[in-house]
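The primary structure of each chain is shown beneath.
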Amino acid sequence: MSINITMPALSPTMEEGKLAKWHVKEGDSVSSGDVIAEIETDKATMEVEAVDEGKIGQIVVPEGTENVKVNAVIAVLLTEGESAADAKAAPAPAPKAAEVPKPEAPKAAEAPKAAPAPVASAVSGTAAVTASAPKPPAGANGARVFASPLAKRLAREAGIDVGAINGSGPHGRVVRSDVEAAKSGKVPLKAAPAAAPASGGAALSGGMSKQQVLALYPEGSYELVPNDGMRKVVAARLTEAKQTIPHFYLTLDCRIDALMAAREQINAAAPLKDGKPTYKLSVNDFVMKAWAAALMKVPTANATWAGDSILYHKHADVAVAVAVPGGLFTPVVKACETKSLRQISDEVKDLASRARSKKLSPAEYQGGTSSVSNLGMYGITNFAAVINPPHGTILAVGVGEERVYAEKGEIKVGQFMTVTLSCDHRAVDGALGAELLAAFKALIETPVMMLA
């Protein structure tokens, strides 16, 4: 019997991916473990191996296809004795239809009750019949909308929420001309009302719809570029983070004269190979080391909120934000507190390089207990970063620069760096966050303490 090869889930959060490349063609024989395809997710490009032996009977999804859902059939593998005629992707099992109860005979003193009408609902491309009472037409927010059947159909075909259209018919009824005006952008759509909070959590808002945004700008005054998978995931996660995590921020200045002197001495001592130093530490390497050490000094701040519990981590697995074309990666330096400055430097360089070419495995960018985001190389003085779920904190690092300061009545000049800590108030309270940031300040201002 032929075997369906399906789109694998390469990470716990993956819902869809791009079939970037086929390494086989129809008619090729494969063995278990052979690489047959490359799948591109929002974070990485991964190889897919065959789990059975046989012959590729049919390639269902061509290479280059985007938005392929997890578990969708991408190819069919023929087993021994089967021919190309047997290569047919087995359809997903159709959901069982719910039985529609027959109306009972009315009792003598009662009026007859109408049986609930069967309503078709699309599930996995198959119509399933369910017993349900008909509901009035509603917009995306669940509010009742008065619209003509033609207007509803035209709005649906145009991808516009009929509830966002201003109706000009009797009693505000939406008619055909209203939909056409909304499609052309001549009449702006209604602002989307905030959805009611779901039980046990805050409601998420996606902001203005595409149609609402396009209606604000003359056609031809912009270039419309569809978002790729990475940008969609980044947008979804950061929107979720800001709407569901109660952020609060703590900012202080760190004097880094001693750090800069130590960095210069260490780099000057680097042995040469082919006339070049074998290593060169960056300021961010010291930041990573100091932040990991601070998390271990204040272990109750090395925490992750988990609904009805808090996870207190035994190691400081520190993620570092890496900008890549179209988005952001946060590869994780595991047990960062146990590693030397040189080890951290080498690992961050390796992770950042492979992140830019999308060659990281999910294990290298998932998890972590906290993050560091450094925009100092862009000349940014200070900023507040958005927490990367499920982390409890993220440290935003600004540029190191000379500043004038007062000390015991004297005016002096020194090198300073401003850092801002974003905390998830559910897991890290204000005083605890302040204690963590103070521990970091002590370490970064006295680098020798990192070696203790």
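Scroll up to find the structure this text is about.
Every chain is numbered independently, its residues counted from 1 as its sequence is written. Predicted model: local features are reported for residues with pLDDT of at least 70 only, side-chain atom pairs are reported and counted for 80 or more only, and whole-chain, interface and lining totals are derived from all residues. Excluded from the side-chain calculation are hydrogens and water; included are all heavy atoms of the structure.

A. The packing of helix H6 (residues 283-297) against helix H7 (residues 341-356), seen in detail. It is at 9 Å that the axes of H6 and H7 come closest, and there the two elements cross at 115°. Relative to H7, H6 is oriented roughly perpendicular. Relative to H7, H6 is oriented so that their crossing is right-handed. In this structure, H6 uses Asp-285, Phe-286, Met-288 and Lys-289 to contact H7, whose residues at the interface are Leu-341, Ile-344, Ser-345, Val-348 and Lys-349. Residue polarity follows a fixed list, in which Ala, Val, Leu, Ile, Met, Phe, Trp, Tyr, Cys and Pro are nonpolar, Asp, Glu, Lys and Arg are charged, and the others, Gly among them, are polar. Grouping the constituent residues of the contact of H6 with H7 by class yields 5 nonpolar, 1 polar and 3 charged. For helices, the fitted axis covers only the stretch in contact; all axes are lines through C-alpha atoms, and the angles between them, taken along N-to-C directions, range from 0 to 180 degrees. Secondary structure elements follow DSSP: runs of H or I of four or more residues count as helices, runs of E of two or more count as strands, with numbering from the N terminus. An angle below 35 degrees is treated as roughly parallel, one above 145 as roughly antiparallel, one from 65 to 115 as roughly perpendicular, and anything else as oblique. Left-handed describes a crossing whose near helix is turned anticlockwise from the far helix through less than a right angle; right-handed describes the clockwise counterpart. Contacts: residue pairs with any heavy atoms within 4.5 Å of one another.

B. Structural detail: unusual backbone geometry. Here Pro-389 and Pro-390 are connected by a cis peptide whose omega angle stands at 10°. Phi angles above zero are rare outside glycine, and Asp-274 is one such case at about 55°. Backbone geometry places Lys-358, a non-glycine residue, at a positive phi of 55°. For Lys-358, the position within the fold is in the loop between H7 and helix H8 (362-365).

C. Layout of the nonpolar core. Put simply, a nonpolar core is a bunch of buried Ala, Val, Leu, Ile, Met, Phe, Trp, Tyr and Cys residues held in one set by side-chain atoms that sit within 4.5 Å of each other. Only protein chains enter the accessibility calculation, which uses a 1.4 Å probe. A residue is then buried if its area is under 20% of the maximum for its type, exposed if over 50%, and partly exposed in between. With 55 residues, the main nonpolar core has Met-288, Trp-291, Val-318, Leu-395, Phe-440 and Ile-444 as its most contacted residues. The greatest single-element share of this core, amounting to 9 residues, is contributed by H6. Apart from the residues within four sequence positions on either side, Leu-395 is in contact with Val-287, Trp-291, Ser-371, Val-372, Ser-373, Val-419, Thr-420, Leu-421, Leu-437 and Phe-440. Within the second largest apolar cluster, 20 residues are counted, among which are Met-14, Leu-19, Ile-36 and Ala-50.

D. Local environment of the packing of aromatic side chains. Under the pairing criterion, centres of Phe, Tyr and Trp rings, with the six-membered ring standing for Trp, must be within 6.5 Å; the plane angle then separates stacked pairs below 30 degrees from edge-to-face pairs above 60, leaving the rest tilted. Throughout the structure, instances matching the rule amount to 3 aromatic pairs. Taking 5.7 Å as the distance between ring centres and 75° as the angle between the ring planes, the aromatic pair formed by Trp-291 and Phe-440 counts as edge-to-face. Residue Trp-291 is located in helix H6, and its partner Phe-440 is located in helix H9 (residues 430-445); the two are separated by 149 residues in the primary sequence. The burial state of Trp-291 is the same as that of Phe-440; both residues are buried. Ring centres 5.3 Å apart and planes at 70° place the aromatic pair Tyr-405 and Phe-416 in the edge-to-face group. Linking Tyr-405 in strand E21 (residues 393-407) with Phe-416 in strand E22 (residues 410-424), this pair joins segments that are 11 residues apart in sequence. Residue Tyr-405 is classed as buried on the basis of its relative accessible area of 14%. Under the relative-accessibility criterion, Phe-416 is labelled buried at 13%.

Treat this as a map of the structure, not an account of what it does.
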